Amino acid sequence: ALAGDSVAVRRLVAQSGAIVEAVVNAGPRVPLSTAISSGSEAVFSLADHLRFFAADPETTAVLAFVEAIGDAEETLAACVVGRSATAQEGVQAH
């Protein structure tokens, strides 16, 4: 990044290990900082990962590949859409 430019910190949380493997194997064509497979979610759920990244000030975007939602309320509560004023305006417009 050039001086003064912000660096995008993009995260992927997928319930499929195959999706994570495909993204990682794509290399720089899919610019991610982190790729996590939540797998069977025996320890951490999709919502746990989403909450973690939503609270992380360095995260600029999160992509979730979701196959099934066990607890819809918990998962939706973990989603944060747009932290900046501009992003909030965009959310409200939709």
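Structural data are supplied above this passage.
Every value quoted in this text rests on a predicted model; they were computed, and no experiment measured them.

(A) Seen up close, the pattern of salt bridges. Within the structure shown, the criterion is met by 3 salt bridges. Note that Arg11 is salt-bridged to Asp56, the shortest N-O span being 2.7 Å. With Arg11 in strand E1 (residues 10–14) and Asp56 in the loop between helix H2 (46–55) and strand E3 (61–65), this pair connects stretches of sequence that are 45 residues apart. The same class applies to Arg11 and to Asp56, which are both buried. Ionic pairing is found between Arg51 and Asp48, a salt bridge with its closest N-O pair at 2.9 Å. Taken together, the residues Arg51 and Asp48, both in helix H2 and 3 residues apart, mark about one turn of the helix.

(B) Summary view of the pairing of E1. With 4 of 5 residues buried, E1 lies mostly within the body of the structure. By the bridge criterion, 5 bridges tie E1 to E3 in an arrangement that is parallel. Across the sheet, Arg10 pairs through a bridge with Ala61, a residue of E3. Across 4 bridges, the pairing between E1 and strand E2 (residues 34–37) is parallel. Bridging from a neighbouring strand, Arg11 pairs with Thr34 of E2. In terms of handedness, the path from E1 via helix H1 (residues 17–25) over to E2 forms a crossover that is right-handed.

What counts and what doesn't
Residues numbered from 1 in each chain as written. Predicted model: local features only at pLDDT ≥ 70, side-chain atom pairs only at ≥ 80, totals over all residues. Heavy atoms only, no water. Salt bridge = Lys/Arg side-chain N within 4 Å of Asp/Glu carboxyl O. Helix = DSSP H or I, 4+ residues; strand = E, 2+ residues; numbered from the N terminus. Buried < 20%, exposed > 50% of the residue type's maximum accessible area, 1.4 Å probe, protein only. Pairing = 2+ DSSP bridges. Right-handed = clockwise from strand over helix to strand, strands pointing away.

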